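Chain and residue survey
Each chain, written out:
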Amino acid sequence: VVGMKATVATAFSPFAAYAVNLHRKGGILDLWGTSNIMLRICETPSGNVQIGAKMADANTIWAYVHHGSWYVYGSISSPGWGGEWTLQPSPPRGTFSPCDHHH
């Protein structure tokens, strides 16, 4: 299971994707536990999806890969093209709600 956590100034972005251990539920090394699991998926105009973690304050942190990296980071604003994910096999168009933000 994947969730978002603050990078605490250790990366280019303020958030990054991390594995969430469902058995720990907020242990010392997993402070946020299950509260930040990826829970939002929306469809982009190109038919791909964006994947995000809905935070307590109603913001969504969107997963993306930025130029020059293979790591997955998080953005509160629109993640751009690096935040579009292609599902295989592709679901029918309209399976997910449209994304309400733009590149």
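Up top is the structure.
Here is what the cut-offs are and how they apply
Residues numbered from 1 in each chain as written. Predicted model: local features only at pLDDT ≥ 70, side-chain atom pairs only at ≥ 80, totals over all residues. Heavy atoms only, no water. Pairing = 2+ DSSP bridges. Helix = DSSP H or I, 4+ residues; strand = E, 2+ residues; numbered from the N terminus. Axes fitted to C-alpha atoms, helices over the stretch in contact; angles between N-to-C directions. Phe/Tyr/Trp six-rings, centres within 6.5 Å; stacked < 30°, edge-to-face > 60°. Buried < 20%, exposed > 50% of the residue type's maximum accessible area, 1.4 Å probe, protein only.

1. Here's the deal with the sheet that holds strand S2 (residues 15–19)
Read from one edge to the other, the open sheet built from six strands follows the order S1-S2-S6-S5-S4-S3, with strand pairing classed as antiparallel. Two strands lie at the open edges of the sheet, namely strand S1 (2–6) and strand S3 (40–43), each paired on one side alone. Taken pair by pair, the neighbouring strands of this sheet meet at an average axis angle of 40 degrees, ignoring direction. Pairing of strand S5 (residues 60–64) with strand S6 (residues 73–75) involves three bridges; the strand directions are antiparallel. Following the sheet pairing, Tyr-64 is matched in S6 by Tyr-73.

2. Here we look at the packing of aromatic side chains
One pass over the structure, following the stated rule, counts one aromatic pair. Look at Tyr-64 and Tyr-73: their rings are 6.4 Å apart centre to centre, the planes differ by 45 degrees, and that puts the pair in the tilted class. When sorted by exposure, Tyr-64 lands in the same class as Tyr-73, which is buried.

3. Side note on the pairing of strand S4 (residues 49–54)
In terms of strand pairing, S3 meets S4 through four bridges, oriented antiparallel. Across the sheet, the residue bridging to Ile-41 is Ile-51, located in S4. Two elements, S4 and S5, share three bridges in a ladder whose sense is antiparallel. Across the sheet, residue Lys-54 finds its bridge partner in S5, namely Thr-60.

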